[in-house]
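# Structural overview
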Amino acid sequence: MKYTEAIEKRRTFGIISHPDAGKTTLTEKLLLFGGAIQTAGAVKNNKIKKTATSDFMEIEKQRGISVATSVMAFAYNNRQINILDTPGHKDFAEDTFRTLTAVDSVILVIDCANGVEEQTKKLMEVCRMRKTPVIIFINKMDRDGKESFELLDELEKALDIKVRPLTWPIGMGDRFQGVYNIYQKGLNLFSANKTKIADDVVRISDIYDNQLDEIIGINPSLELREELEMIEGVYNPFDREDYLRGDVAPVFFGSAVNNFGVKELLDTFCEISPSPRGRDTDTKRVEPEDPKFSGFVFKIHANLDPKHRDRIAFLRIVSGKFERNKFYHHVRLSKDMKFPNPTSFMAQDKSVIDEAFPGDVVGLYDTGNFKIGDTMTEGEKMMYKGIPSFSPEIFMELENLDPLKSKQLEKGIRQLIDEGVAQLFIQQPGNRKIVGTVGQLQFEVINYRLIHEYGANCRFSPRNYFKACWITANDDEKLFQFKRAKSNYIAEDKDGNLVFLAETTFLLQMAEKDYPDLTFHRTSDFMLESK
Ligand code: G4P
C-alpha cells in the first residue's frame, strides 16, 4: 500500500522552452511554491551565454551549474514533484531530447511576444513522437505581445497539437489585470510581486456577476465575457484523457517573473498530470507497480575536476524500490553492482538517499561503467528502449596528430561518446572517425577534454555532410548495391548500425528515390520498433 501511494504521489516532468522564454524563472517560482527555496534569485540561470562560445572553461563552469540543478525535487499539495532540468542552449539539444525520455510530462514555456520559436518546434516534435502530455504556459503577459486567440491558433498550427485554454488573461502589457481561471472559476488579480507568493484569488463562480465589473471595470468585463464565450464555442471542453494521450495541450497565461498565473498552473498540474508511467523494454512493458526494481540511465555528467575522473550517471527509476547498498544487475555488462552513495537532489542540495521510487531520479557515482541508455534491474535481462539519437547537424573528422597517443584518443573519444557529448560514425577504410553534433560548442568541449583529460593530440577537420540517416532495408541485395555505389558515404554508428552520410538534401532525396527498398531514418528511434 505504502509503495503504491509513493508512486501515485510522484510527478516527474521537464520544463522546455526556446531560450529566454522564461524557463529558469518559472522553475524558480515553482520551487518557491514548493518551499524548496526561500527567496527568488536562488536558482542560477544555467543558460550558456552567447559571449562564452570561445571560452571553454566558462562554458563548462556554466554547464557545471546544471549538475546541481539537474533534478529539483520538492513537495507540494501532497505531491512529490521532480523537475528534470534541460539545458536551454540549442547546442545541447541532444541532452534535452534524452532528458525527455525520463519525464512523464512536460511544461512548455512560450514568450507571448515571440510565439512559437525554432527550438520550441523541435522540442515539441520529440514530445509528439513519444506522446508525452504537454501543458503550455504563455509567459510575459505583463508585456505587450501577440493577441491571445492569435497565439492559440499559432500554437495549434506550428506545433501540430490541439490546445485548450484553462486560464484566460484579462488584458495584456500595461493593461494586464490578471487571469481568470476557467478550470476552477476564479479570478486572480495582478499585483507585480517578484519575491513573494501572492495568493489573493477572488472567487467568482458566475462571470455574469456584477462583482466582476466592479473589480476589473465595465469594458474589460465585457471583453472577458465575450472572449470566454468564444472559448466555449470554439474549443471542446477539457478532457483529461485527451491531455494524457498527448492529443490536447491545456494552456495557461501568466507572468513568471511577477509570480503570476504560476499557482494556477502548479495547482492544475498537480491535479491533472500523470503519475509515473511504465516504459517498454526489448522483452516486455514494465509498469511502475511491478515490485522488482528497474531503471535506465538517461544522462551522464563528467566531473569538472580533471583530477577526479568520476562521473554521475542519472538513473530514472521505472519500477520497484531502489535501495542503497543493494546489488543490482547492470544488464549490458552482465555485472552486479551496488551503490553506497546514491544521491538525490533537492533544489541545489545533494544528499545521499536510502531508497527511491518509480518516477525518482538518482545520481550514481560512476567510474566508467555506464553509457547512456544502460538498464539496471534486479537480475532480469531486459533493456529499456527509447533513448534515441537524432541526426547531427555538424560533422567533423577527428584526426590523430600523434600515432603514439592513438590509444588515449580512442579511449577518450569512446568515453565522451558514452556520455552522450556527440555521436561517432566510423568510416572504412582506415577506421576514420567522423564526429557529429548538433552545435559547434561540443567540438570545443571535446577537443579540450581529449587533450586535457586524456592526453591525446588531435584536431577536427570539417566534413561537408548535411545529415546522417540510419538505413534499414527489406531487400539485402538492394542494400548491397547501395553500399557499393555510395561506399564513400557509408559509415557505422557506435553500435554498428549502418548510416548514410548525405552531403545535401538533394542527394538524400535522390537516394530515397533511387532505392525505394531502403528506408532512411532521421532518428535512431526506428530501432524501437525493430527490436
Ligand atoms: P530561459 O531560462 O527560458 O532562457 O529564460 P529566463 O527565465 O532566464 O528569462 C529570460 C528573461 O526573461 C529574463 O530577463 C527574465 O527576467 C525575463 N522574464 C521571465 N519571465 C518574465 C515575465 O513574466 N515578464 C517579463 N517582462 N520578463 C520575464 P533577463 O533580462 O535576460 O535576465 P534578468 O537579468 O532579468 O535575470
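Since the structure is predicted, the reported quantities are computational estimates derived from the model, not experimental observations.

The 7 strands lie next to each other as β2-β3-β1-β4-β5-β11-β6, forming an open sheet whose pairing is mixed. Taken across any chain shown, the strands that pair with only one partner, and hence form the sheet edges, are β2 (71-76) and β6 (162-165). Neighbour-to-neighbour, the strand axes of the sheet open up by a mean angle of 30°, direction not taken into account. Judged from the 5 bridges that link them, strand β1 (residues 10-17) and strand β3 (residues 79-84) form a sheet pairing that is parallel. Following the sheet pairing, G14 is matched in β3 by L84. Against the sheet, helix α6 (residues 148-159) touches β4 (105-111), β5 (134-139), β6 and β11 (248-253), its axis set at about 150° to β6.

One broad trend across soluble globular proteins is that nonpolar side chains are buried collectively. By size, the foremost hydrophobic cluster in this structure holds 59 residues, and its most contacted members are I136, I138, L155 and W168. By residue number, the principal contributor to this core is α6, which donates 5 residues. The residue makeup of this core includes at least three contributed by each of domain 1 (3-272) and domain 2 (279-377). F33, Y76, I107 and L265 belong to the second largest nonpolar core, which has 28 residues in total.

Right, let's talk about the packing of aromatic side chains for a bit. Scanning all chains against the criterion turns up 22 aromatic pairs. Aromatic side chains W168 and F253 sit 5.2 Å apart centroid to centroid with 75° between the ring planes, which places their arrangement in the edge-to-face category. Separated by 85 residues along the polypeptide, W168 in strand β7 (residues 167-170) and F253 in strand β11 bring together distant segments of the chain. Given the relative accessible area of 0%, W168 is considered buried. Among the residues examined, F253 registers a relative accessible area of 0% and is labelled buried. Consider the rings of F238 and Y243, whose centres lie 6.5 Å apart with planes at 45°: the pair is tilted.

Here the residue pair Q428 and P429 is connected by a cis peptide bond, since its omega of -5° sits within 30 degrees of zero. With respect to the helices, strands and loops of the structure, P429 is situated in the loop between β25 (423-427) and β26 (432-437). Backbone geometry places D20, a non-glycine residue, at a positive phi of 85°. The residue D20 is located in the loop between β1 and α2 (23-33) in this model. Even without being glycine, K140 reaches a positive phi, approximately 65°. Structurally, K140 is set in the loop between β5 and α6.

For the coordinates displayed, the defined rule picks out 35 salt bridges. Across the salt bridge formed by R324 and D354, the nearest N and O atoms sit 2.8 Å from each other. With R324 in the loop between β16 (322-323) and β17 (328-330) and D354 in the loop between β20 (349-352) and β21 (355-356), the pair connects residues that are 30 residues apart, well separated along the chain. We classify D354 as exposed; its relative accessible area is 51%. Between K478 and D517 there is a salt bridge, and its shortest N-O distance comes to 3.6 Å. Here K478 is found in helix α13 (residues 476-485), whereas its partner D517 is found in the loop between α14 (505-514) and β31 (518-521), with 39 residues between them in sequence. Overall, D517 belongs to the partly exposed group, its relative accessible area being 27%. Within this structure, R311, D366, E419, R449 and E453 form a network of salt bridges that share partners.

What follows covers the confidence of the model for the chain. Of all residues in the chain, 86% have pLDDT values of 70 or greater, and the mean over the chain is 85. By mean pLDDT, helix α15 (residues 526-530) is the weakest element of the chain at 48, and β5 is the strongest at 98. Taken together, the stretch residues 45-56 has pLDDT below 50 and engages in 29 contacts with residues farther than four places along the chain or on a different chain. In the predicted structure, residues 64-68 sits below a pLDDT of 50 and forms 10 contacts with residues beyond four places in sequence or in another chain.

Calculation criteria
- Numbers given to residues run from 1 along each chain, matching the order in which its sequence is written.
- Thresholds applied to this predicted model are a pLDDT of at least 70 for local features of residues and 80 or more for the giving and counting of side-chain atom pairs; totals over whole chains, interfaces and linings are not thresholded and use all residues.
- The side-chain quantities take in all heavy atoms of the structure and omit both hydrogens and water.
- Strand pairing requires that DSSP identify at least two bridges connecting the strands.
- The helix and strand labels rest on DSSP assignments: H or I over at least four residues marks a helix, E over at least two residues marks a strand, and numbering proceeds from the N terminus.
- Axes here mean lines fitted to C-alpha atoms, for a helix over just the part in contact, with angles spanning 0 to 180 degrees between N-to-C directions.
- For this analysis, residues touch if any pair of their heavy atoms sits within 4.5 Å.
- By convention a nonpolar core is built from buried Ala, Val, Leu, Ile, Met, Phe, Trp, Tyr and Cys residues, the set being connected through side-chain atoms within 4.5 Å.
- Relative accessible area decides the class of each residue, using a 1.4 Å probe on protein chains only: under 20% of the type maximum gives buried, over 50% gives exposed, and in between gives partly exposed.
- Where each domain starts and ends follows an automatic or database-derived domain assignment.
- Aromatic pairs are defined between Phe, Tyr and Trp rings, using the six-membered ring for Trp, whenever the two ring centres lie within 6.5 Å; interplanar angles under 30 degrees are classed as stacked, those over 60 as edge-to-face, and all others as tilted.
- Salt bridges are defined by distance alone: a side-chain nitrogen of Lys or Arg within 4 Å of a carboxyl oxygen of Asp or Glu.
- pLDDT is a per-residue confidence score from the predictor, ranging from 0 to 100.

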